[in-house]
Amino acid sequence: KSYTFKQKMKPHLARMVQNLSITYSADECIDLPKVVPIREVIRFPEEAAAYYDRAKQEAIEAAKGNVREVKNVFLRMRQIASGFIGLKDDETGERAEVELLENPKLERLFELIEEIPEGHKAVVFHDYTYTGRMIMKGLKERELKGIWLWSGTKNSTAELKRFEQDPECTVAVLNSKVGAMSLDGLQYVANYMFFPESPLGVIDREQAERRLIRDGQKHPVFIYDIIMKNSVDERILQYIKEGRDFFNAVLRSPDLLL
């Protein structure tokens, strides 16, 4: 049996839905734990999947015992999962990066950042410089203000101060090697944390999380891992949970990349 919706009832329906759509901020949920880990699992787009499968085939050759090649394959697989490929000119030795056409991992990151409640801020940890560059480019395109702390930042103190004091500057993008150990004070201004790339080491990961989970934090801390399904992303987090370093395990047993 078919039904025809009466258009004159549309305003009444809208009022009913509005009354049912009650939302709460995190601070109103008194039973919410102090730390809320969240995994966002993304699927490879077709182009990236093809490159990743090719890298896995290269891993078979690397598994024969060439440690340098194992490192290169591991690096390439991580980069593809992050949406780019690093290239090296054999003649000049110069390096360049090529961004893949689709990068659903970063697209999801930007969606999550845009969903952060007003008055709250976020930090984003990354491993590769090119990833940081892509994130800053994406923030600018979306007219979101942020800072980037990495080895090329000229005045880290001034940038950090801007993040802390400017209410419109809502995102701090941190290279894991720079921001995981030495920064204090972020817990007073941010309670959202994103890892599009996780540090490999257990201690580095713990120190990164401790930027927000420490004395002075007044809000629940939301920790998002944005990972590619069936990639090294998943294995890295699994090993961190077990207190181990996946990269070191790969050097001993390259077949773990398969």
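Our structure is the block above this text.
In short, a report on the structure. Every chain's residues receive numbers from 1 upward, in the order its sequence appears when written. The predicted nature of this model means local features are confined to residues of pLDDT at least 70 and side-chain atom pairs, given and counted, to a pLDDT of 80 or more, with totals for whole chains, interfaces and linings taken over all residues. For side-chain calculations, the full set of non-hydrogen atoms in the structure is used, while hydrogens and water are omitted.

**Structural notes on the sheet that holds strand β5 (residues 145-149)**
Formally: In this scheme, strands are said to pair when DSSP sees at least two bridges between them. Each helix is a run of H or I in the DSSP string that is no shorter than four residues. Each strand is a run of E no shorter than two, and both are numbered from the N terminus. Only the stretch in contact is used when fitting a helix axis, every axis being a line fitted to C-alpha atoms; angles between N-to-C directions are given from 0 to 180 degrees. Note on contacts: a residue pair qualifies if any of its non-hydrogen atoms lie within 4.5 Å across the two residues.
Ordered in space as β1-β8-β7-β4-β6-β5, the six strands form an open sheet in which the pairing is parallel. At either end of the open sheet lies a strand with only one pairing partner, and these are β1 (35-42) and β5. Taken pair by pair, the neighbouring strands of this sheet meet at an average axis angle of 20 degrees, ignoring direction. This element, helix α4 (residues 104-114), spans β1, β4 (122-126), β6 (169-175), β7 (192-195) and β8 (221-228) of the sheet and lies at about 160 degrees to β8.

**A short note on the packing of helix α3 (residues 67-81) against helix α9 (residues 232-241)**
Under the convention used in this document: Here the word oblique covers every angle except those under 35 degrees (roughly parallel), over 145 (roughly antiparallel) and from 65 to 115 (roughly perpendicular). Gly counts as polar in this scheme, as do all residues outside two lists: the nonpolar Ala, Val, Leu, Ile, Met, Phe, Trp, Tyr, Cys and Pro, and the charged Asp, Glu, Lys and Arg.
Taken N-terminus to C-terminus, the directions of α3 and α9 make an angle of 105 degrees; their axes are 9 Å apart at the nearest point. When the axis of α3 is compared with that of α9, the two are roughly perpendicular. Along its contact with α3, which presents F74, M77, R78 and A81, the element α9 presents V232, D233 and I236. Classifying every residue of the contact of α3 with α9 by side-chain character gives five nonpolar, no polar and two charged.

**Digging into the packing of aromatic side chains**
To keep it simple, the criterion reads: Only Phe, Tyr and Trp rings take part, Trp by its six-membered ring, and two of them pair if their centres are within 6.5 Å. Stacked means planes under 30 degrees apart, edge-to-face means over 60, and tilted covers everything else. Burial classification: accessible surface area is computed with a 1.4 Å probe over protein chains only, and a residue below 20% of its type maximum counts as buried, one above 50% as exposed, and the rest as partly exposed.
Following the criterion strictly, the structure yields 10 aromatic pairs and no others. Between F74 and F247, the aromatic rings sit 5.1 Å apart at their centres with planes inclined by 40 degrees, giving tilted as the arrangement. Taken as a pair, F74 in helix α3 and F247 in helix α10 (residues 246-252) lie far apart in primary sequence, 173 residues in all. Just as F74 is buried, F247 falls in that class too. Aromatic ring contacts, followed pair by pair, group F74, Y239, F246 and F247 into a single cluster.

**Points about α3**
Test applied: Take the number of residues in a helix, subtract one, and multiply by 1.5 Å to get its expected span. We define a polar contact as two N or O atoms separated by no more than 3.5 Å, with the added condition that, inside protein, one atom must be a possible hydrogen donor and the other a possible acceptor, whereas residues neighbouring each other in sequence contribute only through side-chain atom pairs.
An ideal rise of 1.5 Å per residue puts 21 Å on 15 residues; α3 measures up with 21 Å between its terminal C-alpha atoms. Residues of α3 that are buried include every one of V70, V73, F74, M77, R78, Q79, I80 and A81, and no others. For α3, the elements touching its buried residues are α2 (46-62), β2 (84-88), α4, β8, α9 and α10. Put simply, N66 is the residue that caps the front of α3, since its side-chain oxygen is 3.2 Å from the backbone nitrogen of R68.

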